[in-house]
2 protein chains.
Amino acid sequence: MQMPDDIAKLANEVIAALKAQGLTIATAESCTGGLVAGALTSVSGSSDAVYGGFVTYANEAKIAMVGVPFALLRQFGAVSKEVALAMAEGAMAAAGTHIAVAVTGIAGPDGGSETKPVGLVHFAVASGEETRHLKKSFDPTWSRDQIRHASVVEALKLVKKSIG
Amino acid sequence: MQMPDDIAKLANEVIAALKAQGLTIATAESCTGGLVAGALTSVSGSSDAVYGGFVTYANEAKIAMVGVPFALLRQFGAVSKEVALAMAEGAMAAAGTHIAVAVTGIAGPDGGSETKPVGLVHFAVASGEETRHLKKSFDPTWSRDQIRHASVVEALKLVKKSIG
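This one's a predicted model, so the numbers in the text were calculated from it and none came from an experiment.

For chain A, the helix and strand inventory stands at six helices and five strands. Its helices and strands taken in sequence order, chain A reads α-β-α-β-α-α-α-β-β-β-α from the N to the C terminus. For chain A, the C-alpha radius of gyration of 15 Å lies close to 15 Å, the compact-globule estimate for 164 residues. Projected onto its principal axes, the C-alpha coordinates of chain A cover approximately 45 × 35 × 25 Å. Evaluated residue by residue, chain A yields a buried proportion of 58% over its 164 residues. The distance from the centre of the 14 positive side-chain charges to the centre of the 15 negative ones in chain A is 3 Å.

Encoded structure:
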């Protein structure tokens, strides 16, 4: 399955940067459903850097797979800065990698609300040194495919920025 | 990110069949690296059926995430019927879903050997009732993208067959 050009380019850059620095990565994905991991592993030789990933689609999976606290899901909802950060930190801990990237958002067309519209996506990257968070509000008229595509791009960009 | 037409069609059929029967699914992916989960979650409303998935790219991830026995990896290697079955059964147990699908193979261009050439992929689907295994030997001259594409297709077909 061929990755779109922009995603393939970013995935190659991220894997090259990780390998150059001897770093390993894991993913924790909700709305992108495995596509960030799919992009990273599209790169030949990515096994030097990619440990694996968690597709934490259901809230129960966020709790069971990467230890997102139930209380955070209750208080802030699955699509929140707090849960994105907990997913990234939990994935890094569960996988034992240097870095983990997390994505949680509303890809639509259903599931949006006034406060959390379709297109709202929270990203987080955890590393030993720091944790980054990014919030994006993509155009709610975009298709599910478009929002997931843009989310994979932003996730890879955030990883790239984090590893410098 | 748009799924290729054949994958999108199969993913829609699988999700519809799962929902019609009230079944839940989890994935355990090595060479496809999250793309089977990415395909399933490309379907709007898939959260009714998809719990989540494990991208068990490294051998260590196969052990830690879905409980593949170290002895099986040692004896048969990561790309084997035995490990595919253990991945599917382990994912079903770890996720607590009705069904789990597993993929492990050699997408190339590196990593092939005389006994396990590029293009060799083992698939397994576990359910409460039965476990299915499928071995495919895709054309070793195919690109990594082509082998991963064909692997996603076969994984979805095997799930579809398993749920009838």
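Our focus in this paragraph is the interface of chain B and chain A. At the junction of the two partners, chain B supplies 38 residues and chain A supplies 38 residues. A buried area of about 2,900 Å², summed over both sides, lies between chain B and chain A, and 61% of it is on carbon and sulfur atoms. When the area that chain B buries against chain A is broken down by residue, the three leading residues are Met1, Tyr51 and Tyr57 of chain B, summing to 29%. Run the count over chain B and chain A and you get zero salt bridges. Put simply, chain B and chain A have 20 residue pairs in polar contact (both at pLDDT 80 or more) between them. Of all the elements in the fold, those that place two or more residues in the side of chain B that touches chain A are α2 (35–40), β2 (50–55), α3 (59–66) and α6 (144–163) of chain B. In terms of residue count, the dominant contributor to the side of chain B that touches chain A is β2 of chain B (six residues). Among the residues forming the side of chain B that touches chain A, the class breakdown is 17 nonpolar, 16 polar and five charged.

The next thing to look at is the pairing of strand β2 (residues 50–55) of chain A. Of all six residues in β2 of chain A, six are buried, a share of seventy percent or more. The pairing of strand β1 (residues 25–29) of chain A with β2 of chain A spans five bridges and is classified as parallel. Bridging across to β2 of chain A, Ala26 of chain A finds its partner in Gly52 of chain A. After leaving β1 of chain A, the chain enters helix α2 (residues 35–40) of chain A and then returns to the sheet as β2 of chain A, a path that is right-handed. Sheet topology places β2 of chain A next to β2 of chain B; three bridges connect them, and they run antiparallel. Bridge assignment links Val55 of chain A to a residue of β2 of chain B, and that residue is Gly53 of chain B.

Here 10 strands make up an open sheet; going across it, the order is β5(A)-β4(A)-β3(A)-β1(A)-β2(A)-β2(B)-β1(B)-β3(B)-β4(B)-β5(B) and the pairing mixed. Both edges of this open sheet fall to β5 (131–137) of chain A together with β5 (131–137) of chain B, since each of them pairs with a single strand only. Taking each pair of neighbouring strands and ignoring which way they run, the sheet shows an average axis angle of 10°. Bridge count between strand β3 (residues 99–105) of chain B and strand β4 (residues 120–127) of chain B: seven bridges; the pairing is antiparallel.

Residue and element names in this part refer to chain B. Taken across its five residues, strand β1 (residues 25–29) has five buried, putting it largely inside the fold. Neither face of β1 is left uncovered, since the one carrying Ile25, Thr27 and Glu29 and the one carrying Ala26 and Ala28 both have all their residues buried. Pairing of β1 with β3, which is carried by five bridges, proceeds in the parallel orientation. From the neighbouring strand, Thr27 faces β3, where its bridge partner is Val101.

Turning our attention to the nonpolar core. Membership of the largest hydrophobic core comes to 82 residues, with the highest contact counts inside it found for Leu18 and Leu156 of chain A together with Leu18 and Leu156 of chain B. Ala100 of chain A together with Tyr51, Val66 and Ala84 of chain B belong to the second largest nonpolar core, which has 48 residues in total.

Residues and elements named next belong to chain A. It is the contact of helix α3 (residues 59–66) with helix α5 (residues 81–95), at a shortest axis distance of 9 Å, that shows an interaxial angle of 35°. Mapping the contact onto sequence places Lys62, Met65 and Val66 in α3 and Val83, Ala86, Met87, Gly90, Ala91 and Ala94 in α5. When the residues that make up the contact of α3 with α5 are grouped by side-chain class, the tally is seven nonpolar, one polar and one charged.

Attention now moves to unusual backbone geometry. Backbone torsion omega between Gly108 of chain A and Pro109 of chain A reads 0°, so that peptide bond is classified as cis. Note on placement: Pro109 of chain A falls in the loop between β3 (99–105) and β4 (120–127).

This paragraph deals with the packing of aromatic side chains. Residue and element names in this part refer to chain A. Taken as a whole, this structure holds two aromatic pairs over all chains when the rule is applied. On the numbers, 5.7 Å between centres and 15° between planes, the contact of Phe138 with Trp142 is stacked. Owing to a relative accessible area of 33%, Trp142 belongs among the partly exposed residues under this scheme.

Residue and element names in this part refer to chain B. With 17 residues, helix α1 (residues 5–21) extends 25 Å between its outermost C-alpha atoms, agreeing within 8% with the 24 Å of an ideal straight helix rising 1.5 Å per residue. All buried positions along α1 are accounted for by Ile7, Leu10, Ala11, Val14, Ile15, Ala17 and Leu18. The arc that holds every buried residue of α1, seen down its axis, measures 160°, which confines them to one face. Summarising the geometry of α1, the exposed residues directed more than 90 degrees from the buried face are Asp5, Lys9 and Ala20. The first or second residue beyond α1 is Gly22, which carries a positive phi of 65°.

Cut-off values and rules
- Residues numbered from 1 in each chain as written.
- Chains lettered and ligands numbered in written order.
- Predicted model: local features only at pLDDT ≥ 70, side-chain atom pairs only at ≥ 80, totals over all residues.
- Heavy atoms only, no water.
- Helix = DSSP H or I, 4+ residues; strand = E, 2+ residues; numbered from the N terminus.
- Rg over C-alpha atoms; globule rule 2.2 N^0.38 Å.
- Buried < 20%, exposed > 50% of the residue type's maximum accessible area, 1.4 Å probe, protein only.
- Lys, Arg positive; Asp, Glu negative; His and termini not counted.
- Charge placed at Lys NZ, Arg CZ, Asp CG, Glu CD.
- Contact = heavy atoms within 4.5 Å.
- Buried area = accessible area lost by both parts, 1.4 Å probe.
- Salt bridge = Lys/Arg side-chain N within 4 Å of Asp/Glu carboxyl O.
- Polar contact = N/O pair within 3.5 Å; in protein donor to acceptor, adjacent residues only side chain to side chain.
- Nonpolar A, V, L, I, M, F, W, Y, C, P; charged D, E, K, R; others polar.
- Pairing = 2+ DSSP bridges.
- Right-handed = clockwise from strand over helix to strand, strands pointing away.
- Axes fitted to C-alpha atoms, helices over the stretch in contact; angles between N-to-C directions.
- Core = buried A, V, L, I, M, F, W, Y, C linked by side-chain atoms within 4.5 Å.
- Phe/Tyr/Trp six-rings, centres within 6.5 Å; stacked < 30°, edge-to-face > 60°.
- Expected span 1.5 Å × (residues − 1).
- Arc of directions from axis to C-beta.

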